[in-house]
Structure formats: structure tokens, C-alpha cells
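Descriptive structure summary
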Amino acid sequence: MKNVLFASTALVAASFASASLAADPITASVRGYAHIGLIYQDNDSDPEIGILNDGEIHFRFRGTSDNGLTFDGEVELESFTSGDQIDEYWARVSGSFGAIKIGADDTASEDHEVGVFYGPGAHAAYFDGFQSILFSTNAGDVPSIRYTSPTFSGFSISADWAPDSTADPGNQQITFGSDSQRWSVGASWSGEFSGVDVAIGGGYLDGDLFASARYHVGVQIGYQGFSFGVHFDSAGNTNPVNGPIDDDGAIAVGLEYQTGPWTFAGGATFTTSGEDTLNWGVWAVYALAPGVNATLSYEGNDADGVFDTTVYAYLSLGF
């Protein structure tokens, strides 16, 4: 894995050597979002009403050279945090060879997740949304290097390596290799047949500190506004870094329909082994204006007879 990534980096360095002055100088832009609203939650014993206040500011930059190389990156500033104020950050060089990205971001495996639907901000979901008890971790945004291939006939592949899966990206400028390395690969394909859209994707994630490797695979089919998806994750509600609790695999099945300004979606997730757990959710989204959506959602959880329900009513504003 490391040899492949290092070889890819060498190819990029060779491209740099032949690059002339930038054809388009690096320019910056600011984007972001805010999700605001009300939450009702009942865990069988303590009903509560709360306020949703979730947002981020994203600083982006981009430029190109005369020989076709593209340089871009992003820094995400969170409105709330229990640790570092900076969330994901990365810089990337892209060309005909593909792309090399260095920074703290989701894993290569996560980038090729297929077959799961989400409402705005993943506050409406049935698999790994904010309230799901079947939350499936992506093993953290730690400093890593990633190679992503060009897309050939709808197919692409990614591979990444993190020298230290326990690194704090907010407090370290340099990350060296250790006995806590992490690596992942992911691949996906999408195409269209007689008006039917088809996508298939999967990934593999492992590391020195992982109790067991994790893999996922999914498929999604779309036709005339309808989309159907199926996704399997071998970890389910397990954190692969800390080790499996019950080694629960999980299957998620979902459906989405878009018509005009409306989006209706929902699905259910159930474990295939270990603890008997069921998670489901449904939601409706209405586009009030460009960049403004209103969402009403319901999510239910049932783990070994302990029932939990969450209702969201919120606005999503993006710019």
C-alpha cells in the first residue's frame, strides 16, 4: 500500500518539474451551511425537546498550471466542537494521472460508499445519521495520503495510508509512522442503461490498532425520480479501532423519490449478527429557495427491546 502511494507521489513530483507558471493563479472562496430547528426525542423514559444548531464554514482554494495540473484544497471550520475547531482539511494535486491528496479527510473506503440515503446534513437517516444507534464510524479524520485514479468508463479506485490513526490533526504539523498505522481502499462504478442509473461501490479498512478489518459493499438503482439502495457493512455499529462489541454486521435498505421541489426518502437497517438491533427512518424535504431546504423526519431505534424515537423539524441553509 505504502509503495503504491509513494510511487504515485513520485509521478506527481515529476509533473511539478515540468510545470510552468500557473495559468490560473490560486483563488479562494468561502462556502458553508447551517442546520437549525427543533428535535423531539423519547427513549421510553425521558421525553425531551431540544434545539438543533449545526453549521460549518469551508474555506476553499483552487488554481491551475499551464501543463494542466490543478491545485486545490479545503479547510473546514466547525461551529461546535468538543476538541479542535478545525474539522477536515486537505490539499490536492490533480492531472491526467489522477489525484494525490494529503490532509485529514474521510477514508478512501468511505468515499466509495454506495446504497445509503441521507437527509440534509445526515440529521435525517436510517443507518449512520447523527441519532442512529447503528452509527458506523469512518475511523476518524487523521493525517493521511491518498491516491485516486482517473475515472475510466465510470470506474474509479482510491487508496490511502495514515501513519498514525491516533494522531490529532489539529495539534500536529508532521505525522510519522508508528505501530498505529491505518490504510484503506475503495472502488466504485456508475453507468446508465436505457434510462436506468446503476452504481456499485465497496471498500476495505484496516489498521494496526483494529481488532478486525472492516469492509462494505452497496448498490443503487435509479429510474424516473426513484432510487433504490442496498448497503452492507461488516462492522455495523462497531468501532473498528476500539474493537468489536458484538461483531455486528448490518444491512441497510432504502428508497428515495424526487419530484419538483420535493424529496421523500426512508429506509431501515438491521444487524445480521450479534446484538438484535433495528434502526429506521423516513423524511420529507421541500426546497423553499435556492440553498434553503425544510425537512421533517422521524427515526426509530430498537435494540434488544429498548425503543428510542427522534423527530426533527429543521431548516438547512447552504451557500
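Reading the values: rules and limits
- Numbering of residues starts from 1 in each chain and follows the order in which that chain's sequence is written.
- Per-residue local features are limited, in this predicted model, to residues with pLDDT of at least 70; the limit for side-chain atom pairs, both in listing and counting, is 80 or more; totals at the level of whole chains, interfaces and linings are taken over all residues.
- No hydrogens and no water enter the side-chain calculation; it runs on all heavy atoms of the structure.
- Runs of E in the DSSP output that reach at least two residues are strands. Runs of H or I that reach at least four are helices, and both are numbered from the N terminus.
- Whether two residues touch is decided by their heavy atoms; if any such pair falls within 4.5 Å, the residues are in contact.
- Note on areas: these come from Shrake-Rupley sampling with a 1.4 Å probe, and a residue is covered only by the protein chains present in the view.
- As used in this record, nonpolar core signifies buried Ala, Val, Leu, Ile, Met, Phe, Trp, Tyr and Cys residues forming a set joined through side-chain atoms within 4.5 Å.
- Summary of the burial criterion: residues with accessible area below 20% of their type's maximum are buried, those above 50% are exposed, and those between are partly exposed, where the area comes from a 1.4 Å probe applied to protein chains only.
- Here a pair means two rings of Phe, Tyr or Trp (six-membered ring of Trp) with centres within 6.5 Å. Their orientation is stacked below 30 degrees between planes, edge-to-face above 60, and tilted elsewhere.
- Consider the ring centre and the ring normal. A charge sits over the ring if Lys NZ or Arg CZ is within 6 Å of that centre and within 35 degrees of that normal.
- Charge counting treats Lys and Arg as positive and Asp and Glu as negative, with His and both chain ends excluded.
- Salt bridges, as used here, are contacts in which a Lys or Arg side-chain nitrogen is within 4 Å of a carboxyl oxygen on Asp or Glu.
- Whether two strands pair depends on DSSP finding at least two bridges between them.
- Each patch groups residues whose relative accessible area exceeds 30% and which form no salt bridge, using 9 Å between like charges and 5 Å between nonpolar side chains of Val, Leu, Ile, Met, Phe, Trp and Tyr.
- Two N or O atoms form a polar contact when they lie within 3.5 Å of each other; inside protein one atom must be a possible hydrogen donor and the other a possible acceptor, and for residues adjacent in sequence the pair counts only when both atoms belong to side chains.

1. Quick word on the overall build of the chain
- Within the chain, the secondary structure is distributed over two helices and 16 strands.
- Pairs at least 24 apart in sequence give 53% of the contacts found in the chain among residues at least 6 apart.
- Accessible surface for the chain amounts to roughly 15,600 Å². Of this, 60% is attributable to carbon and sulfur atoms.

2. Quick notes on the nonpolar core
- Judged by nonpolar contacts, the single largest core of 14 residues is most densely connected at Leu52, Tyr126, Phe127, Trp283, Tyr312 and Tyr314.
- Contributions of two or more residues to this core are made by β12 (250–259), β14 (277–289) and β16 (306–318).
- If you look at the next biggest cluster of nonpolar residues, it comprises seven residues, including Phe97, Ile100, Ile145 and Trp161.

3. Here we look at the packing of aromatic side chains
- With the rule as written, the count across this model stands at seven aromatic pairs.
- A centroid spacing of 6.2 Å and a plane angle of 20° characterise the contact between Tyr126 and Trp283, whose relative ring orientation is stacked. Taken together, the positions of Tyr126 in the loop between α2 (108–111) and β6 (143–148) and Trp283 in strand β14 put the pair 157 residues apart, joining distant regions of the chain. The pair Tyr126 / Trp283 is uniform in exposure class, with both members buried.
- Stacked on the ring of Trp90, the Lys or Arg Lys101 has its end atom at 4.3 Å from the ring centre.

4. Some points on the side chain of Glu76
- In this fold, Glu76 is placed in strand β3 (residues 70–78).
- For the buried Glu76, no salt bridge is present, and the opposite-charge side chain at shortest range is Arg60, 6.3 Å distant.
- Beyond its immediate sequence surroundings of up to four residues, Glu76 is in contact with Glu56, Ile57, His58, Gln85, Ile86, Asp87 and Glu88.

5. Concerning the pairing of β12
- Two elements, strand β11 (residues 226–233) and β12, share eight bridges in a ladder whose sense is antiparallel. Bridge pairing links Ser227 to Glu256 in β12.
- In the sheet, β12 pairs with strand β13 (residues 262–271) via 10 bridges, with the strands oriented antiparallel. In the strand pairing of β13, Glu256 is matched with Ala265.
- The hairpin formed by β12 and β13 contains two residues between the paired strands, and Gly260 there has a positive phi angle of roughly 60°.

6. So, unusual backbone geometry
- Look at Ala122: it is not a glycine, yet its phi comes out positive at around 60°.
- Tracing the backbone shows Ala122 in the loop between α2 and β6.

7. Here's the deal with a nonpolar patch on the surface
- Where nonpolar side chains cluster on the molecular surface, the patch consists of Phe226, Phe228, Val253, Leu255, Phe270 and Leu278 and spans about 490 Å² of accessible area.
- At the level of elements, β11 and β12 are the ones that each hand at least two residues to the nonpolar patch.
- Along the chain, Phe270 falls in strand β13.
- Judged by relative accessible area, which is 37%, Phe270 ranks as partly exposed.

8. Section: the environment of His112
- Structurally, His112 can be placed in the loop between α2 and β6.
- Judged by relative accessible area, which is 5%, His112 ranks as buried.
- For His112, the contacting residues outside a window of four places in its chain are Ser156, Ile157, Ser158, Gly186, Ala187, Ser188, Gly201, Gly202 and His216.
- Within the structure, His112 has its side chain in polar contact with the side chain of Ser188 (distance 2.8 Å).

9. Concerning the pattern of salt bridges
- Within this structure, the stated rule accounts for seven salt bridges.
- Salt-bridge contacts for Arg214 lead to Asp233; the nearest nitrogen and oxygen are separated by 2.6 Å. Taken together, the residues Arg214 in strand β10 (residues 214–223) and Asp233 in strand β11 connect sequence positions 19 residues apart.
- Of the residues examined, Arg214 reaches a relative accessible area of 5% and is grouped as buried.
- What you see here is one network of salt bridges that share partners, running through Asp111, Arg146, Asp160 and Arg182.

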